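Chain by chain, the residues run as shown.
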Amino acid sequence: MTEKLQNQISAFIDGELPDAEQELLIRRLARDTECRATLRRYALIGSVMRSSSVNLAVADLSQGVAAAIESEPSHDGTLTDEDGLLKILKPIAGIAVAATVALVAITSFQSPDVGSTDEPPQISQQTTGGSAIVVPASYAPGDSNGRLTNYLIQHSEYSAPMGSRNVLLEIIGNDEVVAEEAEQATDGDEKAQE
Amino acid sequence: MTFLIRTLAFLAIAQLSAAPSYATDDPRDWLMRMNNALTTLNYTGVFFYFNEGRAESMKIVHRVADGRTVERLVSLDGVGREIIRDQDEVTCIFPAKKSVLIEQRREKGTLIGAVPQYSSRLDLYYDFVPMRRERLIGKMTRVISVVPRDGFRYGYELWLDEETALPLMSKLKGDNGNVIEQVRFASITVNGVIKDSELRPAIDTTGFTVFRTGEKQLVKRLPGTGWRAGELPAGFELTANTTEGITDSDESVDHLVYSDGLASVSVFVEAVGRKGELMPGLSRIGSANAWSTEFEGFQITAVGEVPAITVEAIGASVRPQTRDARR
């Protein structure tokens, strides 16, 4: 792969590639496996480099929610956003909003043990043949957080057409292989820099 | 001469019929047409999906035939994860785990789902901005921006094909205008012939473990029972409410859907104790946020393609319904 092409991919990810070059690059990516692999690697590296700022933004959000709840004197059951700030009116009596709950790090994989195929299924014996295992509606093995995957699939039925598709894209883009490939890509680039 | 006049008249009528009917500049009309196109047209295409540092190339096949809709999404990278959905089921194939998940669809008979009707009510929460015309993959598009008026919903920027209204590129935007997610087509073919073979999995799933969720068993709740969100961001209303029994269990799962007409949030409530519980707090898959908590022996989870603060606010306010608090 030429250095020019690598630079174009990098610029494309950063949103800095001129429009005239984007079309050609997109067509190239569609037919070139190596280019796509480079695209994925560069996109991941960029995300990893920016990851600390993302987590800080989320932590600030949680603290902002806590501060807003504590500062509001009254409540009418409506949440509003004024002047670009998020103000949440105080909950009604008896409802304890855990605004200071420890925020779980933003991650696509919440419970590594959930949904593992090493766990015995609940209903019947695991099979490697063609028969299916009937599982409860809230069990899904395809993600380490199987229940969340299942919820998303059910939620997609109620999303607008484009929204429902994007929800499904997130599910099939969330397989463990993605994480493994990403880890390999990051290791490869670290070694290259040494 | 009469033959010539009739021929010219016929051609004129045919020309008028073939002319694009999307002459209006109202972005709401374009969005309606986009939803209609996504659900009723036959199309295949290759696109790129960008989210949180991930760049995936995917293929989509969408066919409507004999009143039945089938859609297949395939990852072209890695080991070929894919989802196939039709009127009755959603099938997810995960090669890395050698597993197949088949989910029974609740709303059988259509893949249209919640096609939003763009009423003037949406103007209270979003600004719909026509932006410009732009050429993309050789097609002229209308670029439309949907800008939320508060921080409880995401915005969109859409490049809609002028001929078909299909979105050739879409960007999901956060409250500071940052792009959270992007879908961009590299190629698309509309109204071509789609064979059955194009809608079948490309992977040989022999030896895969197939998990099939049981048939949905709807449970009818007594009036005044069940769960409701006590606090909602402006514009969000309850649009769906079902209770389903869990296979081989006396327990059930309540599923509430709140929507402002464009964005939607699902709330799931089920008893604590069953395998697969979520950790409390916030989690995310792509641009979808989820917030989970426990209340008096029940796990409450709000999930949707909305900012984290929205799922947290809705999820945290869900309580058992009483007759007085019923919405």
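On a predicted model such as this, the values are computed, not experimentally measured, just so you know.

What counts and how
- Numbers given to residues run from 1 along each chain, matching the order in which its sequence is written.
- Chains and ligands are labelled by the order in which they are written, letters from A for the one and numbers from 1 for the other.
- Only residues with pLDDT of at least 70 are given local features in this predicted model, and only at 80 or more are side-chain atom pairs given and counted; all residues enter the totals for whole chains, interfaces and linings.
- Remark: hydrogens and water are excluded; side-chain values derive from all non-hydrogen atoms of the structure.
- Any carboxyl oxygen of Asp or Glu within 4 Å of a side-chain nitrogen of Lys or Arg constitutes a salt bridge here.
- With a 1.4 Å probe rolled over the protein chains alone, any residue whose accessible area is under 20% of its type maximum counts as buried; one over 50% counts as exposed, and the rest are partly exposed.
- Segments assigned H or I by DSSP are reported as helices when at least four residues long, segments assigned E as strands when at least two residues long, and all are numbered from the N terminus.
- Throughout, the arc means the angular range of directions from the helix axis out to the C-beta atoms.
- Any two residues whose heavy atoms approach within 4.5 Å at even a single point are treated as in contact.
- Along the chain, pLDDT gives the predictor's confidence residue by residue, from 0 to 100.
- In summary, the pairing rule links any two rings of Phe, Tyr or Trp, Trp by its six-membered ring, whose centres are within 6.5 Å, and it sorts them by plane angle into stacked for under 30 degrees, edge-to-face for over 60 and tilted for everything else.
- Two conditions define a charge located above a ring, namely a distance within 6 Å from the ring centre to NZ of Lys or CZ of Arg, and an angle within 35 degrees of the ring normal.
- By definition, no residue in a patch forms a salt bridge, and every one has over 30% relative accessible area; like charges are joined within 9 Å, nonpolar side chains (Val, Leu, Ile, Met, Phe, Trp, Tyr) within 5 Å.
- All accessibility values rest on the Shrake-Rupley procedure with a 1.4 Å probe; residue burial counts only the protein chains present in the view.
- Here a strand pair is declared whenever DSSP counts at least two bridges between the two strands.

Caption draft 1: Quick peek at the pattern of salt bridges. Residues and elements named next belong to chain B. Under the counting rule described, the total for this entry stands at 21 salt bridges over all chains. Residue Arg 132 is joined to Glu 134 by a salt bridge in which the shortest nitrogen-to-oxygen separation is 2.6 Å. The class of Glu 134 is buried, set by a relative accessible area of 19%.

Caption draft 2: A look at helix α1 (residues 3-13) of chain A. Residue and element names in this part refer to chain A. Every buried residue of α1 is accounted for by Leu 5, Gln 8, Ile 9, Ala 11 and Phe 12. Mapping the buried residues of α1 onto a view down its axis gives an arc of 165°, with all of them on the same face. Backbone geometry just downstream of α1 places Gly 15 in the positive-phi region, at approximately 75°.

Caption draft 3: Structural detail: the environment of B:Thr24. Residues and elements named next belong to chain B. The residue Thr 24 is located in the loop between α1 (2-18) and α2 (27-40) in this model. Separated by 139 residues in the primary sequence, Thr 24 and Glu 163 place their C-alpha atoms 13 Å from one another. Apart from residues lying up to four places away in sequence, Thr 24 is in contact with Asp 29, Trp 30, Arg 33 and Arg 142.

Caption draft 4: Fine view of the confidence of the model for chain A. Residues and elements named next belong to chain A. Here chain A shows a mean pLDDT of 55. Residues at 70 or above account for 36%. Highest mean pLDDT in chain A belongs to α1 (88); lowest belongs to strand β2 (residues 85-87) (30). In this model, residues 80-130 is a region of pLDDT below 50 whose contacts with residues beyond four sequence positions or in other chains number 125 contacts. For the stretch residues 176-186, pLDDT sits under 50, and the model shows 16 contacts to residues farther than four places along the chain or on other chains.

Caption draft 5: Geometry of the packing of aromatic side chains. Residues and elements named next belong to chain B. Following the criterion strictly, the structure yields seven aromatic pairs over all chains and no others. An angle of 25° between the planes, with centres 6.4 Å apart, marks the rings of Phe 48 and Phe 50 as stacked. Each member of the pair, Phe 48 as well as Phe 50, carries the same accessibility label: buried. In this arrangement the basic side chain of Arg 33 is found over the ring face of Trp 30, its NZ or CZ atom lying 5.8 Å from the centre. Directly above the ring of Phe 295 sits Arg 319, whose terminal nitrogen or CZ lies 4.0 Å from the centroid.

Caption draft 6: Spatial organisation of a nonpolar patch on the surface. Residue and element names in this part refer to chain B. A contiguous nonpolar surface patch, about 200 Å² in accessible area, is contributed by Val 129, Met 131 and Val 147. Within the secondary structure, Val 147 sits in strand β8 (residues 139-148). Exposure remark for Val 147: the relative accessible area of 33% places this residue in the partly exposed category.

Caption draft 7: Local environment of the pairing of β8(B). Residues and elements named next belong to chain B. The buried fraction of β8 is high, at seven of 10 residues. Bridging between strand β7 (residues 126-136) and β8 involves 10 bridges; their strand directions are antiparallel. In the sheet register, Leu 136 faces β8, and the bridge partner there is Lys 139. The loop that links β7 with its antiparallel partner β8 comprises two residues; one of these, Ile 137, has a positive phi angle of about 40°. In sequence, β8 turns back onto strand β9 (residues 155-161) through a hairpin of six residues.

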